[in-house]
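Coordinate inspection notes
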Amino acid sequence: MPRISSAASPLGPVRLGPAARAALRPATTAVDAGFWHTRREVNARVSLPQGPELLESAGNLHNLRVAAGAVEGGFQGAYPFVDTDVYKWLEAASWQLAQQPHAELESAVDRIIDLVAAAQQQDGYLNTWFQVREGGTRYQDLRWGHELYCAGHLIQAAVAHRRATGRPELLDVAVKFADHLGLVFGPPGSGRPIDGIDGHPEIETALVELYRETGDRRHLDLAGYFVDRHGHGLLGGEAYCQDRVPVREATDVEGHAVRQLYLLAAVADLATETDDPELRSAAERLWVAMTAAKTHLTGGLGAHHDKEDFGDPYELPNERAYCETCAAIASVQWSWRMALLTGEARYSDLIERTLYNGFLAGVSLDGERWLYVNPLQVRDGHTDPGGDQSARRTRWFRCACCPPNVMRLLASLEHYLASGDEQGLQLHQFTTGRHSHNGMSVRAETDYPWHGTIALTVEDTPDRPWTLSLRIPQWCREFRVQVGELSYDETDAPVEDSWLRLERAWAPGDSVVLELALEPRLTAADPRVDAVRGCAAIERGPLVYCLEQVDVPGGGLDDIVLDPTRPLAVKHRPDLLGGVTTVVAAGYRRNLAEDGSWWPYRAAGPEAAPAGDLVELTAIPYHAWANRQDGSMRVWLPTS
Ligand code: FUB
Ligand code: ZN
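Residues numbered from 1 in each chain as written. Chains lettered and ligands numbered in written order. Predicted model: local features only at pLDDT ≥ 70, side-chain atom pairs only at ≥ 80, totals over all residues. Heavy atoms only, no water.

Per an unreviewed UniProt entry, the chain is named Glycoside hydrolase family 127 protein, and its organism is Streptomyces sp. R08.

Quick notes on the pattern of salt bridges
Our working rule: Any Lys or Arg side-chain nitrogen located within 4 Å of an Asp or Glu carboxyl oxygen qualifies as a salt bridge. We count a stretch as a helix when DSSP gives it H or I for four or more residues in a row; a strand needs E for two or more, and each element gets its number in order from the N terminus.
Across all of its chains, the model carries 47 salt bridges by this definition. Put simply, R353 and E539 hold a salt bridge, and the shortest N to O gap is 2.8 Å. With R353 in helix α13 (residues 346-359) and E539 in strand β16 (residues 535-540), the pair connects residues that are 186 residues apart, well separated along the chain. The structure contains a network of salt bridges with shared partners spanning R15, R163, E209, R212, E213, D269, E273 and R337.

Some remarks on the sheet that holds strand β14 (residues 511-516)
The following threshold applies: Pairing between two strands requires that DSSP report at least two bridges joining them. Convention adopted: a line fitted to C-alpha atoms gives each axis, helices being fitted over their contacting stretch, and angles between N-to-C directions are expressed from 0 to 180 degrees.
Spatially, seven strands are ordered β2-β6-β7-β8-β14-β10-β11 in an open sheet, and the strand pairing comes out antiparallel. One side of each edge strand has no neighbouring strand; the edge strands of this open sheet are β2 (28-33) and β11 (486-489). Neighbouring strand axes in the sheet, compared pairwise and without regard to direction, differ in orientation by 15 degrees on average. Sheet topology places strand β7 (residues 440-446) next to strand β8 (residues 453-460); six bridges connect them, and they run antiparallel. In the sheet register, S441 faces β8, and the bridge partner there is D460.

A short note on the sheet that holds strand β9 (residues 466-471)
Across the sheet, which stays open at both edges, the six strands sit in the order β1-β4-β5-β9-β13-β12 with mixed pairing between neighbours. Each having just a single partner strand, β1 (25-26) and β12 (495-496) make up the two edges of the open sheet. Bridge analysis of β1 against strand β4 (residues 418-420) gives two bridges, and the strand direction is antiparallel. When the bridges of β4 are listed, P26 appears paired with S419.

With respect to helix α4 (residues 103-119)
Short version of the rule: Multiplying 1.5 Å by the helix residue count minus one yields the expected span of that helix. Two residues qualify as a contact provided that any one of their heavy atoms is within 4.5 Å of a heavy atom in the partner residue.
Relative to the 24 Å expected for 17 residues at 1.5 Å per residue, α4 spans 24 Å between its end C-alpha atoms, a close match to the ideal helical length. The elements touched by buried residues of α4 are α1 (35-57), α2 (60-68), α3 (83-99), α5 (128-133), α6 (147-165) and α7 (169-184).

Considerations on the coordination of the zinc ion (ligand 2)
Where a metal carries four tetrahedral donors, each ideal angle is 109.5 degrees; where it carries six octahedral donors, the ideal angles are 90 or 180 degrees. Selection rule: A donor here means any N, O or S atom no more than 2.8 Å from the metal (3.2 Å for Na, K and Ca); water is not included, so a site may seem to lack partners. The rule is simple: take the accessible area with a 1.4 Å probe, protein chains only, and divide by the maximum for that residue type; under 20% is buried, over 50% is exposed, in between is partly exposed.
Taken together, the protein ligands of the zinc ion (ligand 2) are E324 (OE), C326 (SG), C401 (SG) and C402 (SG), with distances of 1.9 to 2.3 Å. Of note, the donors binding the zinc ion (ligand 2) are all from one chain and are spaced E-x1-C-x74-C-C. Taken together, the positions of C326 in helix α12 (residues 325-342) and C401 in the loop between β3 (377-378) and α14 (402-411) put the pair 75 residues apart, joining distant regions of the chain. The buried category is assigned to C326, whose relative accessible area is 2%. You can call C401 buried: its relative accessible area is 5%.

Regarding the state of the cysteines
Let me state the cut-off plainly: Counting rule for disulfides: a pair of cysteine sulfur atoms within 2.5 Å.
Taken as a whole and judged by the stated rule, the model has zero disulfides. With no disulfide of its own, C150 lies closest to C399 among cysteine sulfurs, the gap being 11 Å. When its relative accessible area of 1% is taken as the criterion, C150 is described as buried.

A short note on the nonpolar core
Spelled out, the test is: Among buried residues, the Ala, Val, Leu, Ile, Met, Phe, Trp, Tyr and Cys ones that are joined through side-chain atoms within 4.5 Å form a nonpolar core. Segmentation of the chain into domains, including their bounds, is taken from an automatic or database domain assignment.
Core analysis: the largest hydrophobic core is formed by 205 residues, its most contacted members being W89, V116, F185, W334 and W625. Residues lining this core come from more than one domain, with at least three contributed by each of domain 1 (419-516) and domain 2 (522-638).

Let's talk about the site of ligand 1
For clarity, the threshold we go by: Being near a molecule or strand, for a residue, comes down to having at least one heavy atom within 4 Å of it. Polar contact is defined as a pair of N or O atoms within 3.5 Å, subject to the rule that within protein one atom must be able to donate a hydrogen and the other to accept it, and that residues adjacent in sequence are counted only when both atoms are side-chain atoms. Residue exposure ignores everything except the shown protein chains as possible cover, and the areas themselves are Shrake-Rupley values with a 1.4 Å probe. Residue type decides the class: Asp, Glu, Lys and Arg count as charged, Ala, Val, Leu, Ile, Met, Phe, Trp, Tyr, Cys and Pro as nonpolar, and the leftover types, Gly among them, as polar.
Lining the immediate surroundings of ligand 1 are 13 residues, of which H146, H200, H256, E308 and E324 lie closest. Here an oxygen atom of ligand 1 sits 2.5 Å away from a polar atom, N or O, in the side chain of E324. For ligand 1, the protein covers 94% of the area, taking 270 Å² as the surface of the free molecule. A class-by-class count of the residues in the shell around ligand 1 yields seven nonpolar, three polar and three charged.

Digging into the pairing of strand β5 (residues 424-427)
Across three bridges, β4 lies against β5 in antiparallel orientation. From the neighbouring strand, A418 faces β5, where its bridge partner is L427. If you look at the hairpin formed by β4 and β5, you'll find three residues sitting between the two strands. In terms of strand pairing, β5 meets β9 through four bridges, oriented parallel.

Things to note about the domain arrangement of the chain
Note the following rule: As used here, buried area is the combined drop in accessible area, with a 1.4 Å probe, of two parts when they are placed together.
Here the domain parsing of the chain yields domain 1 (419-516) and domain 2 (522-638). Tallying the contact residues gives five residues for domain 1 and 11 residues for domain 2. Taken together, the two surfaces of domain 1 and domain 2 that pack against each other cover about 590 Å², and 67% of this comes from carbon and sulfur. Joining domain 1 to domain 2, the criterion identifies zero salt bridges. Our enumeration of links across domain 1 and domain 2 arrives at two residue pairs in polar contact (both at pLDDT 80 or more). Partitioning the side of domain 1 that touches domain 2 into residue classes produces four nonpolar, one polar and no charged.

Set out below in structure tokens:
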């Protein structure tokens, strides 16, 4: 059984170039116990090893064999981007191999890389949909064809494989493809045959990373070209694929959520590598627009279930929310780049919220079943559409973009947790393990998010003072910190812009204990979020809670009204859902039968106190829902 070692993490998915103008650089982190370690262990032991078999049965590997001429047959799969399932799995497996040798996983990776290399055409082109199904036509359908999107995921997998193993095989394939793209795509007057962009961004951020890996500036320039050609009508001017307005002029996030977020990850990358102030301010502006009015409480993104896109400001429905797991992942990727670029803690606040809620709900506790969409409500009497948009966990999808995306984020998660700069070390997230940067290293022990105590011990230190910075989460109202003999709380601690800054001439063995108060709380939304007016959500620390039908015996969940005047109690439940902390609230069950009405409307006016008996409500962490039985669920609870 593979176990995640405590070995220092290797270079991760974002490795800033030497000229990057970032405030922070990723630190080296090893996560070796605790909440995320457990989830990563399931990823390593269950999810990842199942990948090759699932890719085989879904036809992805068959397509590569056909493209390579190794077997005969038609294309299998419903979408032109199924190659990316393979690439994301390769990326995930590579990050995993960097943690811990695993012979079986490694041989599957080698075998699949051989297939990918064999399928590549002489000039570098590679896309099984077009090679096998479309008779070899290329770049005829940039809006839907996903050729460059697939190339982007191939490049990311190749960079991961190279960084994780030091081996060149997949990187060679990726470089050959990128070189080919550089000969084909370019602005008018460049002498290249196509002035075009892909309907699904991804190539942009991937090319920046390829530049970081190889030092070849042509890849960075091509990324910049692709980013800046958005918004000029090359794809018909549609907002859906971020072609309505150039990114430098955009004032709001729009269109397909994953597309928008991958593009913005590239904008942050380019701003970092080229020190472009216009791109930086576009990224900052759009991030604020998104978080202010288009982000669900869970960190989920995308309002529309059907088109997978952002809606209007404050249009944040619950049961028809889209909140694709991939959108949560893309949001983490973008926010991490922003955190490094700016050094601001707010980006890691969103990462935390997203990781613990909108992202983690995407995979079952056993690591075998997935959610593509992550609604905040499933109604009583819900008729599930099944398929990819099901609110029930599914073994795999026809459009299987999310599962291997979850695998790659979990396998590389340690990369998103801490950073360093000349002044010191910054802990963005709280996990058990070791963080180090430039001779400074700190060991963290915590049972977060269940408990709020984070015990830190300095292990290595240079012979000069430096600053240990701890992010005080945006949700946190009270904390205490003990630094040796000194003790502070939220009224007098040295906090600047949500960073608790502890500057000392540290010595090995010095300790810091941070205690974040994890009182459960009720959260209300801006009144413009019509979908949840009159409702409250239960939160505790970084966790959003929900009620599930299975915990509310005796009738419909939609008849429950929360009593916000009654206290919330915390109950640790080692027996439940692998061990979770529940929040126990009180409410009423509305007695609809006594209403006796066939009409769901009434004269407007003050609400009567809800009829019905007081009931105890056990709320579980949202990320753990849909792991027991099918049923209704809701995050936002009516309070009147
Ligand atoms: O189009 C490729 C992927 O499929 C998108 O990122 C997901 O939203 C899904 O539509
Ligand atoms: Zn997805």
